[in-house]
Amino acid sequence: MSELSVNHLLGIKYLNKQDIQLIFETADHFKEVINRPIKKVPSLRDITIANLFFENSTRTKLSFELAEKRLSADVLNFSSSQSSVKKGETLIDTVNNILSMKVDMVVMRHPNPGAGVFLSKHVKASIINAGDGAHEHPTQALLDSYSIREKLGDVKGKKVVIVGDILHSRVALSNIFALQLQGAQVMVCGPKTLIPKYIDKLGVKVETNLRTALNWCDVANMLRVQNERMDISYFPSTREYTQQFGVNKELLNSLNKEITIMHPGPINRGVEITSDVADSKQSIILDQVQNGVAIRMAVIYLLASKIKQ
Amino acid sequence: MNILIKSATIIDSKSEFHNTTQDVLIENGVITKIAKRVTNPKNYQEIKLENLHISQGWFDSSVSFGEPGFEERDTILNGLKTAAASGFTAVALNPNTNPVIDSNADITFINSKAHRNVVTLLPIGALTASSKGIDLAELYDMNTAGAVAFYDYKKPISNPNLMKIALQYASNFDGLVCSFPQEHKISGNGVMNENITSTTLGLKGIPALAEELQVARDLFLLEYTGGKLHIPTISTATSVALIREAKKKKLDVTCSVAIHNLYFTDEALNDFNTHFKVLPPLRTQTDVDALIEGVKDGTIDMVTTDHNPIDVEQKKVEFDYAEYGSIGLESAFGALQNIFTLKKTIEILTKGKSRFGVTATSINVGEKSNITLFNPDTKYTFSKQDIVSKSNNTIFENETLKGKVYGIISNNKVHLNS
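Computed from a prediction, not measured in an experiment: that's the story for all the values here.

Q: Please explain helix H4 (residues 160-171) of chain B as it appears in this structure.
A: Note: α-helices contain 3.6 residues per turn, so residues at a spacing of three or four share the same orientation. Residue and element names in this part refer to chain B. End to end, H4 covers 17 Å across 12 residues, agreeing with the expected 16 Å (1.5 Å per residue, within 8%). The complete set of buried residues in H4 reads Leu162, Met163, Ala166, Leu167 and Ala170. Down the axis of H4, the buried set is contained in an arc of 135 degrees. They therefore lie on one face. Buried residues belonging to H4 abut helix H3 (139-145), strand S10 (176-178), helix H7 (208-225) and strand S13 (228-231). You can read the cap of H4 off the contacts: a side-chain oxygen lies 2.8 Å from the backbone nitrogen of Asn161, and it is on Asn159.

Right under this line is the structure:
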């Protein structure tokens, strides 16, 4: 059986095309499992996984926890508000303390870019990055591509626009790497203040007009504006943002084709996306959530099989 | 101190023995004889080393040691030992201590620590009280105690009127004002150069613009006020161009660049290695090329190690939380020789002394002996065992460097590495 080229999932940029293919094929199998009456397999009965969330999360945390439980792994949950991090303990010490209780794998969300990479160099456990600052969120990008593949048959050759706050987004960056690796074309669209100045060097198109972007694409991935990460107002008001970068039904209907709408959540209804769009048949937002569990099961399963060797 | 140096190749364009191999006799700290063969008159200590070369003593315009307040990083005495082992006979010490060096008494304390040391320590006082950027420190009083310049280390003076007043006030006593080139509203929470690498890593970027705005501002101010301005550690191509233009206008401005900014680009940060987290940040190849050109044509007056020991607790953390800085004294000679010829390297290492109040002495009979001894050809991989500093935060770890230092003769004393 083939295996991943990496021992950790720190970011999409550390994966190759075959890795993504393998994760998708494994996820196909697990997606079938989670739709059975008994949604559980005994694969990881001997594996213990710690979910370390140093930053708030609802869906990613639940999705990982569910994926772990569906694989029969033992699960430990930890969030920074309950931890010694606030007492001044270092990240390495915190994680090593948990690992000394015989934990095999760490799923970590952290506010600092590179926290997963840093940890992987200093502790002995398989690390899955569940989002590190504005760096990467690899499982989100994998489930996004997987959902495109499910809806449109293939990712290769598709045109995908990522709309919104690109500057503060790990989802955007991971998606760019994942989509390009699979042969899709990528565009980013948003106010110039929220687009990194040098992003075109990654080989993506940059567009500031939403209509032009939507007319170009097959898929639009709408991102949330991350007000909590902003040190200054990058646009004058939510109202003005929505006027320029919000997707509504009227705009969708006026396009020359029917495009697919995605959103990594949580949605700000009426800001980047209106309710009638979010709930329409063009939207695959809830499919993304379901696929998230299958993708995370696949990633955990594949990394665990490397530990067992 | 009496010493006979045997068979040393003299690299000193101010010496009549430049590029020749000679014996050098030093008696009571003064060079008394230079000749092909000097016999040892009275059983003096003889220095005879493989491929021995000597030059004027080296100078570094920006080092930090930590004491007082951060002794875990390094102490003044060990810092001076590091300087001596690395070939430096004079170092200008930044005031980034706790408390900040911002008074006559503080300068006197620093001087007392370095009293009778083989290395000459040149204290830099803070420009503003506690380096808070609000009110001027007692510049004149520090000057009388021996402060050679005034600098809020790595802290921009964000109020342009304060910088204007500092330049005007210090000109009363010919004081040297230093200004860190960064407009902090533009640099924001940035932690590395803004470019494709910062974008790929999701790290906040410090645009080159942040530095260039501040350099341009300070040059405008200098043109208005007169006085003496030093801009430590520039890092961008446009900064070089701005300062080149200012020098054409005869403004009294000097500047320096850190060796690591001549050596690495921001691509080195690819792996989130905090040893590459320095300020100003590592920039692009275009910047590196322009900086090297600036050193060659004299636009950049000094190349500094910007030696800054940081203990492991402040470096072995998430990238955003890591302190800026790298030690640099130990690797300086070997790294510079990877960029420049030996002749240029020595010229760089002996330049800029007068700006910081040091009199240069050449290797000629009758001069005070202020000499660095080295082998320019030794190649080695720089590793922890080459570090004398208390802290190990070196940006040059595992680099193949060229040239090793044997020691120094200075202040009527000798330091030889074992």
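Anyway, onward from the coordinates.
Q: Is there a simple way to think about the pairing of strand S6 (residues 58-63) of chain B in this case?
A: Remark: a regular strand shows side chains that alternate across the two faces of the sheet. Residues and elements named next belong to chain B. For S6, the buried fraction is high: six of the six residues fall into the buried class. Direction of pairing for S6 relative to strand S7 (residues 88-93): parallel, over a ladder of four bridges. By the bridge assignment for S7, Phe59 is matched with Ala90.

Q: Even after reading the chapter, I still don't get the interface of chain A and chain B, so can you show me in this structure?
A: For an interface, size is often stated in terms of accessible area lost upon the parts coming together. Across the contact, 26 residues belong to chain A and 18 residues belong to chain B. Approximately 1,800 Å² of surface area, both sides summed, lies buried where chain A meets chain B, with 60% of it carried by carbon and sulfur atoms. Per-residue buried area on chain A facing chain B is highest for A:Asn112, A:Pro113 and A:Tyr198; these three make up 28% of the total on that side. Linking B:Asp271 and A:Lys121 is a salt bridge whose minimum nitrogen-to-oxygen distance equals 3.2 Å. Here chain A is connected to chain B by six residue pairs in polar contact (both at pLDDT 80 or more). Sort the elements by how many residues they give to the side of chain A that touches chain B and helix H4 (residues 115-122) of chain A lands first, with five residues.

Q: Just to check I follow, could you spell out the environment of B:Ala268 for this structure?
A: Residue and element names in this part refer to chain B. Following the sequence through the fold, Ala268 ends up in the loop between helix H9 (259-263) and helix H10 (285-297). Separated by 99 residues in sequence, Ala268 and Tyr169 place their C-alpha atoms 42 Å apart. Discounting chain neighbours no more than four positions away, the residues touching Ala268 are Phe276 and Leu282.

Q: When you look at the sheet that holds strand S3 (residues 105-110) of chain A in this model, what are you seeing that I'm missing?
A: Paired through their backbone hydrogen bonds, the strands of a sheet run either parallel or antiparallel. Residues and elements named next belong to chain A. With parallel pairing, four strands are arranged side by side in an open sheet as S2-S1-S3-S4. Looking at strand neighbours, the two that pair on one side only are strand S2 (74-79) and strand S4 (126-132), the edges of this open sheet. Averaged over all pairs of adjacent strands, the angle between their axes in this sheet comes to 15 degrees, without regard to strand direction. Across five bridges, S3 lies against S4 in parallel orientation. Within S4, the residue paired with Val107 across the bridge is Ile128.

Q: Just checking my understanding: could you explain the UniProt feature "binding site: carbamoyl phosphate" (unreviewed entry) in chain A for this structure?
A: Residue and element names in this part refer to chain A. Within this numbering scheme, the UniProt entry marks Arg59, Thr60, Arg109, His137, Gln140, Gly265 and Pro266 as carrying the feature "binding site: carbamoyl phosphate" (unreviewed entry). For Arg109, the position within the fold is in strand S3. Judged by relative accessible area, which is 7%, Arg109 ranks as buried. In this view, Arg109 contacts Leu52, Phe53, Phe54, Glu55, Asn56, Ser57, Thr60, Ala130, Gly131, His137 and Arg170; residues no more than four positions away in its chain are not counted. Examined against the element boundaries, Gln140 turns out to sit in helix H5 (residues 138-152).

Q: I keep staring at the side chain of B:Thr394 and nothing clicks. Help me out?
A: Residues and elements named next belong to chain B. For Thr394, the location among the structural elements is in the loop between strand S16 (371-381) and strand S17 (400-410). Taking relative accessible area as the criterion, Thr394 reaches 2% and is therefore assigned buried. Leave out the neighbours within four places in its chain, and Thr394 touches His275, Ser326, Ile327, Phe382 and Ile387.

Q: Mind showing me how you'd approach the UniProt feature "domain: Dihydroorotase catalytic" (unreviewed entry) in chain B here?
A: Under the present numbering, the feature "domain: Dihydroorotase catalytic" (unreviewed entry) in UniProt falls on residues 57-237 of chain B. Taken end to end, residues 57-237 of chain B comprises 38% helix and 17% strand; its first and last C-alpha atoms sit 30 Å apart.

Q: Explanation requested: the nonpolar core in the structure shown.
A: One broad rule of soluble globular proteins: the nonpolar side chains tend to lie buried together. Of all hydrophobic cores here, the largest spans 106 residues; its most connected members are A:Leu52, B:Val91, B:Leu121, B:Ile231 and B:Val253. Those residues within four positions of B:Val91 in sequence are excluded, and the remaining contacts are B:Asp60, B:Val63, B:Phe65, B:Leu80, B:Ala83, B:Val119, B:Thr120, B:Leu121 and B:Leu122. With 63 residues, the next largest nonpolar core counts A:Ile12, A:Leu142, A:Val186 and A:Leu223 among its residues.

About the cut-offs
Residues numbered from 1 in each chain as written. Chains lettered and ligands numbered in written order. Predicted model: local features only at pLDDT ≥ 70, side-chain atom pairs only at ≥ 80, totals over all residues. Heavy atoms only, no water. Helix = DSSP H or I, 4+ residues; strand = E, 2+ residues; numbered from the N terminus. Expected span 1.5 Å × (residues − 1). Buried < 20%, exposed > 50% of the residue type's maximum accessible area, 1.4 Å probe, protein only. Arc of directions from axis to C-beta. Contact = heavy atoms within 4.5 Å. Polar contact = N/O pair within 3.5 Å; in protein donor to acceptor, adjacent residues only side chain to side chain. Pairing = 2+ DSSP bridges. Buried area = accessible area lost by both parts, 1.4 Å probe. Salt bridge = Lys/Arg side-chain N within 4 Å of Asp/Glu carboxyl O. Axes fitted to C-alpha atoms, helices over the stretch in contact; angles between N-to-C directions. UniProt positions renumbered as here; feature names shortened; annotations may be inferred. Core = buried A, V, L, I, M, F, W, Y, C linked by side-chain atoms within 4.5 Å.

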